[in-house]
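If you want the building blocks of each chain, they are given just below.
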Amino acid sequence: MHLKYLPLTKKNGFLRSNSIQSICCRKNGEVYIGTQEGSIYRYNKKNNTMNDVSLVYGITDESVMDILEDNMGDLWISTIKKIIKFNPETHITTYFTQNDGILVRSFSKDACIKLNNGKIMFGGNRGLCIFDPKNQIRKNAVIPSVAITDIAIQNQSVYGNEDNNHLDISRNKLTLNHDEDNLGIEFSALDYSGTDKIQYAYMLSGIDKDWIYVGNNRRYVNYANLPAGKYTFMVKATDEYGSWSNKITSLNVVKRPPLYQTWWAYLIYLLLSGLIVNFLYNRFQLKHALRISRIEKEKSEELAQTKLRYFTNISHELLTPLTVISLLIDEMQQKNRNDKTQLDLVRTNVNRLKRLIKQVLAFRKVESGNMTLKVNLADVVDFVREISILNFQPLIKEKEIRFSIETEYDHFPAYFDADKLDKVLYNLISNALKFTPAEGTVKVEITFPYVNETAMMQISVSDSGIGISEKELPHIFEPFFISSQSDQSQSNGIGLSLTKDLIQIHKGDISVESKINEGSVFTFMIPVSEEAYSEDEIEITQENEDETAEFKNLPETGAEGSTEEKLQSFAGKNNLLVVEDNPELKNIIVNALSRSYNVLSAENGLEALDIITSHEIDLVISDVMMPKMDGLTLCKHLKSDVATSHINILLLTAKISSDDQIDYYNSGADAFMPKPFDLKVLEALVKNLINKRKQQTDDFQTAKEINISSMQYNSLDEEFLKKAVEIVESRLSDIDFDFDQFATEMSSSKSTLHRKLKALTDLSPVEFIRNIRLKHACRMLQQTKDPISEISYEVGFSNPKYFSNVFKANIGMTPREYRDSVDNHQVSADDDVE
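What counts, and at which threshold
- Residues numbered from 1 in each chain as written.
- Predicted model: local features only at pLDDT ≥ 70, side-chain atom pairs only at ≥ 80, totals over all residues.
- Heavy atoms only, no water.
- Buried < 20%, exposed > 50% of the residue type's maximum accessible area, 1.4 Å probe, protein only.
- Helix = DSSP H or I, 4+ residues; strand = E, 2+ residues; numbered from the N terminus.
- Arc of directions from axis to C-beta.
- Contact = heavy atoms within 4.5 Å.
- Polar contact = N/O pair within 3.5 Å; in protein donor to acceptor, adjacent residues only side chain to side chain.
- Pairing = 2+ DSSP bridges.
- Axes fitted to C-alpha atoms, helices over the stretch in contact; angles between N-to-C directions.
- Left-handed = near helix turned anticlockwise from the far one by under 90°.
- Nonpolar A, V, L, I, M, F, W, Y, C, P; charged D, E, K, R; others polar.
- Salt bridge = Lys/Arg side-chain N within 4 Å of Asp/Glu carboxyl O.
- Core = buried A, V, L, I, M, F, W, Y, C linked by side-chain atoms within 4.5 Å.

Some points on helix 10 (residues 605-614)
Consideration 1: Listed in full, the buried residues belonging to helix 10 are Gly-605, Ala-608, Leu-609, Ile-611 and Ile-612. The buried side chains of helix 10 occupy one side of the element, clustering within an arc of 165° when seen end-on. Looking at helix 10, the residues exposed on the side facing more than 90 degrees away from the buried face are Asp-610 and Thr-613.
Consideration 2: Elements that come into contact with the buried residues of helix 10 comprise strand 30 (575-579), strand 31 (598-602), strand 32 (619-623), helix 11 (631-639) and helix 16 (750-761).
Consideration 3: The opening residue of helix 10 is Asn-604, an N-cap whose side-chain oxygen sits 3.0 Å from the backbone nitrogen of Leu-606.

So, in structure tokens, the structure goes:
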């Protein structure tokens, strides 16, 4: 038989302490436990806890020595000074002390026994006490009543007080003021035959939840900090044999509230609240009426503006298709080909299907080991832009994704396999857009680090999508693996696997970082220099032979001037930006102008600003009415910023009223063209604006005198040039004055200063400083007879011979020849006067 032991302690058994003195097991299975502190517990078998019965029935407040059960089921309890008889069924308690003839004054521990005849024996300091439970028969005791013997308020008795206005004896009512917090009540049973055996219990309704039993040693109670309200104090007692009386003595107690808690105070509060609510309600109604009136007025004005805007937009939308149609007719006439634009939608979906099929074929080709690498020389930055814009622009628009391409260089000639890089980029960008929620962010970042003196291209595709769990990251490049975060029906599980294989074939590597609900970053790196590939891997085709000749030499490793060297390959053509929200019209303009210029495009003003920030743009051709940022706002923004105020702006518009034209010129536009327009006229106007700027830069370079105001710059550009000239003139003789000092005194970055001067004068900052010095040298050669060596020092040249060489290279003659030509011209003029 398996015995289960359950420890019951002070911590988990509801005991006041662990000082157990005696344990008694009754015949019916109940267990009673006595403690050294005078508590008696009854064990509750159902929930394995101990219930303290000593306080409830007033058994004892002395240390318990022993507990015995007699033959009638009563418990006999010995304490230090008395014997207690307790009936567990009736809860009647009887005390036996020296007043009952017991000679023992102090009982001992474990000095008890129940004899065979049923008698109970206890031992102590003067011998033994024997009790015969059969002879302990109750007599007819007088049931006592309890009297309230004293009442103290704030420690002052209300009896015998002449000024007493608290106790109303006739109504059995005690009244306390709101500041009288302490109440004491004494009580006693009107039975003097067994006062030491009578027990008491009391309760104050509203404060005490149940009767409080105090045994036979305490006949008083104190209450402190009574809250305002009505209460009833009740007290009862037992007879000398421990039987509780049904006679309950009561006293009604009333504590008055303070003034602010009286009923009439609450009435005042209620009235004041009603007045305040009424005032606020009327105020709210008034504000609501005013708001409704204002909204009605605003809606009326908004409706009028909407109608006006509607008719304006309709006019613009009608003219835009007319422009497209006319330009298409022009192109059809020029190319003499049939119109196939109706197949664009079909062609887009066919290309998408072809991509999916090619992806499967490429995967099988990689698996069979038949995939080869063929690299060509081309502009890889333009290639990445083209892949991103042509393939994903519709999806980016549909989901309103914030898509951006950040590149270290605007152009970069590189050796790469276009077919493989196309598949890699398409897969990575497609996945980023697919798993990024609407209005999320996708960014493509292109950098060109050098590893062991080999030019590399690193591309990172980051998104703010759902991310990939950490446990799945090692498996995402495995064939046919589908992430648990992705839609199982939207993935075949070969895209990333093929991507990694293609990058490895391209002698590169790919890695990924991702966090759930934060997004992922896929980064791959491939070599882009000719030395990284064998002759068999480099393929030169007829269509890229010209590019190969142009880009033959790649940049050296990490040189500071490498950026300019890379851009020199693309120099010679002006950079144009076409800003148009209609894709058909935009493509026609771009295609037409691309024959003579480098042309970029944007769909609205915000996109245009991003492009202008990272590219040197000479001319902006912008529609006026566009979403997000219209053409007028774009024009004002560019013309009000000194970094971009030099850019020529041509507006395309359907609105050509006098007020509209005033708005165009007030915004700073250099020209405007009404829709519909002829493509040849547009090309002529663009050419005229470009030539005008070229003539302006030539005039500045060749002019012998400095007269900025006569060169027709706009106000911001004129102020910029005047400041630049003044700074150079103030440091004219300083041979140490250089580009860094120039940028610092102009309060400009070096890149902004270089771009600005290049656009306005077609001179670099160093060339600009030299040009101003030479203009002053010409003036001094004309107006003074100072030695040429001294003039060279005064205009900031440390070597007169070097000065003569620079002067001849820029002016076309030596300083001496220039002075002689001026003198001869003056002599001829004098002869003419005579």
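Quick notes on the sheet that holds strand 32
Consideration 1: If you trace the five strands from one edge of the open sheet to the other, you get 31-30-32-33-34, paired in parallel fashion. With partners counted over all chains shown, the strands left at the sheet margins are strand 31 and strand 34 (671-674), one partner each. The mean angle between the axes of side-by-side strands here comes to 20°, regardless of whether they run parallel or antiparallel.
Consideration 2: Here five bridges tie strand 32 to strand 33 (residues 648-653), and the two strands are oriented parallel to one another.

Concerning the packing of helix 5 (residues 418-434) against helix 6 (residues 495-505)
Consideration 1: Contact geometry of helix 5 with helix 6 gives a least axis separation of 9 Å together with a crossing angle of 145°. Helix 5 and helix 6 meet at a crossing whose hand is left-handed. Where helix 5 approaches helix 6, its residues Lys-420, Lys-423, Val-424, Asn-427, Leu-428 and Asn-431 are matched on the opposing element by Gly-495, Leu-496, Thr-499, Leu-502, Ile-503 and Ile-505.
Consideration 2: Within the contact of helix 5 with helix 6, the residues separate by chemical class into six nonpolar, four polar and two charged.

Looking at the side chain of Ser-460
Consideration 1: Along the chain, Ser-460 falls in strand 27 (residues 454-463).
Consideration 2: Relative accessible area serves as the criterion here: at 13%, Ser-460 is assigned to the buried category.
Consideration 3: Looking at Ser-460, its side chain comes within polar contact range of the side chain of Thr-523, at 3.0 Å.
Consideration 4: If sequence neighbours within four positions are ignored, Ser-460 has contacts with Lys-443, Val-444, Glu-445, Val-521, Phe-522 and Thr-523.

Observations concerning the pairing of strand 18 (residues 212-215)
Consideration 1: Relative to strand 18, strand 17 (residues 200-205) runs antiparallel, the two sharing three bridges. Directly across from Ala-201, in strand 18, lies its bridge partner Tyr-213.
Consideration 2: Linkage of strand 17 to strand 18, two consecutive antiparallel strands, is achieved through a turn of six residues, within which Gly-206 is found at a positive phi near 95°.

Comments concerning the pattern of salt bridges
Consideration 1: Evaluation of the coordinates by the stated rule reveals 17 salt bridges.
Consideration 2: A salt bridge links Asp-74 to Lys-85; its shortest N-O distance comes to 3.6 Å. Linking Asp-74 in the loop between strand 5 (64-69) and strand 6 (75-79) with Lys-85 in strand 7 (residues 83-86), this pair joins segments that are 11 residues apart in sequence.
Consideration 3: For Asp-74, a relative accessible area of 8% translates into the label buried.
Consideration 4: In this structure Lys-85 comes out as buried when scored by relative accessible area, which is 13%.
Consideration 5: Via salt bridges that share partners, Arg-26, Glu-30, Glu-69 and Glu-89 belong to a single interconnected network.

Structural notes on the pairing of strand 19 (residues 220-224)
Consideration 1: In strand 19, alternate side chains face the same way, and those of Val-221 and Tyr-223 are buried while those of Tyr-220, Asn-222 and Ala-224 on the opposite face are not.
Consideration 2: Relative to strand 19, strand 16 (residues 182-189) is paired through five bridges, and the arrangement is antiparallel. The residue bridging Glu-186 from the neighbouring strand is Tyr-220, located in strand 19.

Some remarks on the nonpolar core
Consideration 1: Core analysis: the largest hydrophobic core is formed by 44 residues, its most contacted members being Val-380, Leu-421, Leu-425, Met-457, Ile-459, Phe-522 and Phe-524.
Consideration 2: Counting 26 residues, the second-largest nonpolar core is a separate cluster that includes Leu-183, Ile-198, Tyr-202 and Val-253.

Side note on the sheet that holds strand 5
Consideration 1: The four strands lie next to each other as 5-6-7-8, forming an open sheet whose pairing is antiparallel. Bordering the open sheet on either side are strand 5 and strand 8 (93-96), each of which pairs with just one other strand. The mean angle between the axes of side-by-side strands here comes to 20°, regardless of whether they run parallel or antiparallel.

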